[in-house]
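# A closer look at the structure
Chain residues, written in single-letter form:
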Amino acid sequence: MSAPDVTALLAELERSQPELAEEARTAVEWLTGGEPLETVTQLDVCEFLWYTLPIKVGPLKPGGDHERLARSLGRLLQLGGLERYAALCESPTTLHILRTYAREGEDAGTSAYQQALEATGVLPPDVPELQWSMIMGPEELGAHLACSAALELAIVSGDSVDRTALTRRWLTEPRAELGGDSWLNRVHGERLNRWVLGRGPARRELAQPFEVRLHAPVSPQPLPALHRLLSLAASEGSLPLRLAPSPEAARLRELAERELGAISRDGSRLAITDYGRRLLKSRRAMWSAVTRLLLARGEHEFEVSAREAALMLLADGTLMSPAKLHERVAEVVGGEGWHPTTGVEDVAGPVNDLISQLTALGLAFGDELAVRMDRPGQLAALAALRAHALRPRKYVSSS
C-alpha cells in the first residue's frame, strides 16, 4: 500500500469538508515539516497536539481555535488511513490538555502534556548508558525518535514492553541503517564534539586531543585510601572524630562525610551510612561516585571550568608547580569569556580544592613546589572529564 500523499488528501478534504481544509493544511505542515506523512510517529503527533499547537501555532483566523485545528488534522489523518493518530486528535486527553493551556496558562498546560506523554509509553526512558538531553543535537534527536518508534511498534504489536530494556537494546546494538554503528556511539560522538568546541580558542586547543581519548569508557580503579576508611567504619561500627592528624586523612574524612555522604556523624563519632556500604561493595560504584566529585555539577560553572582545565593539564602525568598550574588554568578559563581579567587569584581556590581532593584519595602527589597525578589519578581525570563531556544538556534555570 502506497503512503498517503498530503496534497491529495488536502484536495479530498477540500471537496468533502472545505471548512476544515485550511486549518488541516496549517496543522499538517507543522506536524510533518514538509516530510512525507509516512515518517510521522505517535510521538510526533502527541508533541504537536500537546505542545507545539498550543504554544507555537497561532494566532488562528477569526472563529478558529486549537481544538478545531486538532479536529481538522484528525480528519486529514483519517482520510489517510492513520486512524490511531486521528483518534488522538479528538481524544479526551487532547481536549483536556488544550483546555488546560487555555484556562490555566502555559505552565499548567506543559505539566499536563508531560504527564500525558509519559503515560503513552512511547517516550524513551533514561537508561544507565544515556540520560536524554532537554536540548538535543541532530544525532541524539535521531536516536530518540528511533527508540520511540520502536517502543510504539512493540506496544501496537501487543507485546509486553520493558521500556528500559528495549531502549538500551535499540541504543547499543549495531544498526544497519547507521553502517554498523550504534545510536549510543553516535550520541556520544556528538556530545564529545560539542564539549570540545566549547568557549574560547585556548580551551578548544587543550580539549581537542581528548575527543578521541574520551570515547571509550574508563575501567574502574581501586581507591585504597577511601576503601580502608569505609572498611574500618563498617567493621568497627564507628570511628573517632580525631581519626588521624594528617591533613590528607582529615580531608579524606571530610570528603567521605560531606561530599560523598558515605559516613555520618553520630555524636562524637562517625558511622558508615547505607550509601557508604553500597560503595564499599562495588568498585564501580565507588569509582563513579568519586570521579563525579572532581567536576561536581552543583558548583558555580566558573569553578567547574577551572577544575576541568586543571584535570586536562594534569591528565598525562605532567609535573607542574602550583603556580604554573594556576597560570595555565587562568589562561584557559580567561579565554572562555568569563571575565577579561581572570587571573591566578580567581582560579586558585577551585584548583587547590581539586588538588586536595586528589591528594586525599591518593590520586595525586605533591606539595607547595610541584604536583603530579600517577596512573590511577590520570584515569580518574579521564573518567571525570568523560562523564562531564557526555552529560545531558539542560535548560538553564533562571532561579
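Scroll up a little and you will see the structure.
Throughout what follows, the structure given in this document is the object of discussion. Not measured: the values here are computed from a predicted model. (Residues numbered from 1 in each chain as written. Predicted model: local features only at pLDDT ≥ 70, side-chain atom pairs only at ≥ 80, totals over all residues. Heavy atoms only, no water.)

### Re the overall build of the protein
Along the protein, the regular secondary structure elements total 20 helices and 5 strands. Relative to the compact-globule value of 21 Å for 399 residues, the protein shows a C-alpha radius of gyration of 27 Å, a clear excess of over 25%. Overall, the C-alpha framework of the protein stretches about 85 × 50 × 45 Å when taken along its three principal axes. A burial count over the protein gives 46% of its 399 residues as buried. Residue pairs in contact within the protein that sit at least 24 positions apart in sequence constitute 65% of those at least 6 positions apart. Side chains of the protein carry 44 positive and 53 negative charges; the gap between the two charge centres is 6 Å. (Helix = DSSP H or I, 4+ residues; strand = E, 2+ residues; numbered from the N terminus. Rg over C-alpha atoms; globule rule 2.2 N^0.38 Å. Buried < 20%, exposed > 50% of the residue type's maximum accessible area, 1.4 Å probe, protein only. Contact = heavy atoms within 4.5 Å. Lys, Arg positive; Asp, Glu negative; His and termini not counted. Charge placed at Lys NZ, Arg CZ, Asp CG, Glu CD.)

### Quick look at the environment of A24
Along the chain, A24 falls in helix α2 (residues 18–32). Taking relative accessible area as the criterion, A24 reaches 0% and is therefore assigned buried. In this structure, the C-alpha to C-alpha distance between A24 and R68, residues 44 residues apart in sequence, is 9.4 Å.

### Quick word on the pattern of salt bridges
One pass over the full model with this rule turns up 20 salt bridges. Two residues, K324 and E327, come together in a salt bridge whose shortest N-O distance is 3.9 Å. Linking K324 with E327, this pair stays in helix α18 (residues 322–334), spanning 3 residues, or about one helical turn. Classification of K324 by relative accessible area gives partly exposed; the value is 38%. Ionic contacts of the salt-bridge type, sharing partners, join the residues R251, E254, R258, E259, R307 and D353 into one network. (Salt bridge = Lys/Arg side-chain N within 4 Å of Asp/Glu carboxyl O.)

### Side note on the nonpolar core
One finds W195, L226, L260, L311, L325, V329 and L358 to be the most contacted residues of the largest nonpolar core, which totals 66 residues. Considering each element in turn, this core owes the most residues, 9 residues, to helix α17 (residues 301–314). Excluding anything up to four places from it in sequence, L325 contacts A310, L313, L314, M320, V351, I355 and V371. (Core = buried A, V, L, I, M, F, W, Y, C linked by side-chain atoms within 4.5 Å.)

### Comments concerning the packing of aromatic side chains
One pass over the full model with this rule turns up 1 aromatic pair. We note R175 situated over the ring of W170; from NZ or CZ to the ring centre the distance is 3.6 Å. One residue, R203, lies across the ring of W195, its end atom 4.9 Å from the ring centre. (Phe/Tyr/Trp six-rings, centres within 6.5 Å; stacked < 30°, edge-to-face > 60°. Lys NZ or Arg CZ within 6 Å of the ring centre and 35° of its normal.)

### Digging into the side chain of E190
On the secondary structure map, E190 appears in helix α10 (residues 183–196). In contact with E190, not counting residues within four places along its chain, are G137, P138, E139 and E140.

### So, the pairing of strand β3 (residues 269–272)
The pairing of strand β2 (residues 263–266) with β3 spans 4 bridges and is antiparallel. Considered in β3, the bridge of I263 is made with I272. (Pairing = 2+ DSSP bridges.)

### Digging into the side chain of D374
Checked against the element boundaries, D374 lands in the loop between β5 (371–373) and α20 (375–389). One buried charge, D374, has no salt-bridge partner; the nearest side chain with opposite charge is R372, at 6.4 Å. What D374 contacts, discounting residues up to four positions off in sequence, is G362, L363 and F365.

### A look at the packing of helix α3 (residues 42–56) against helix α8 (residues 138–156)
Two quantities define a packed helix pair, namely the angle between the helix axes and the distance between the axes. Contact geometry of α3 with α8 gives a least axis separation of 8 Å together with a crossing angle of 110°. When the axis of α3 is compared with that of α8, the two are roughly perpendicular. Counting all contacts with α3, which are made through Q42, L43 and D44, the residues of α8 involved are H144, L145, S148 and E152. (Axes fitted to C-alpha atoms, helices over the stretch in contact; angles between N-to-C directions. Parallel < 35°, antiparallel > 145°, perpendicular 65-115°, else oblique.)

### Quick word on helix α7 (residues 106–120)
If you check α7, its first and last C-alpha atoms are 21 Å apart, about what 15 residues at 1.5 Å a residue would give, namely 21 Å. Listed in full, the buried residues belonging to α7 are G109, T110, A112, Y113, A116, L117 and T120. Down the axis of α7, the buried set is contained in an arc of 160°. They therefore lie on one face. Away from its buried face, by an angle of more than 90 degrees, α7 presents the exposed residues D107, Q115 and A119. Considering only its buried residues, α7 is in contact with α3, α6 (92–104) and α8. (Expected span 1.5 Å × (residues − 1). Arc of directions from axis to C-beta.)

### Concerning the state of the cysteines
One pass over the structure, following the stated rule, counts 0 disulfides. As a non-bridged cysteine, C46 has C89 as the owner of its nearest cysteine sulfur, 9.4 Å distant. The exposure class assigned to C89 is buried, which follows from its relative accessible area of 1%. (Disulfide = S-S within 2.5 Å.)

### Quick word on the packing of helix α1 (residues 6–16) against α2
Between α1 and α2, the least distance of the axes is 6 Å, while the angle of their chain directions is 155°. In terms of their interaxial angle, α1 and α2 are classed as roughly antiparallel. For the pair α1 and α2, the crossing hand works out as right-handed. For the pair α1 and α2, the contacting residues are V6, L10, L13, E14, R15 and S16 in the first and P18, L20, A21, A24, R25 and V28 in the second. Within the contact of α1 with α2, the residues separate by chemical class into 8 nonpolar, 1 polar and 3 charged. (Left-handed = near helix turned anticlockwise from the far one by under 90°. Nonpolar A, V, L, I, M, F, W, Y, C, P; charged D, E, K, R; others polar.)

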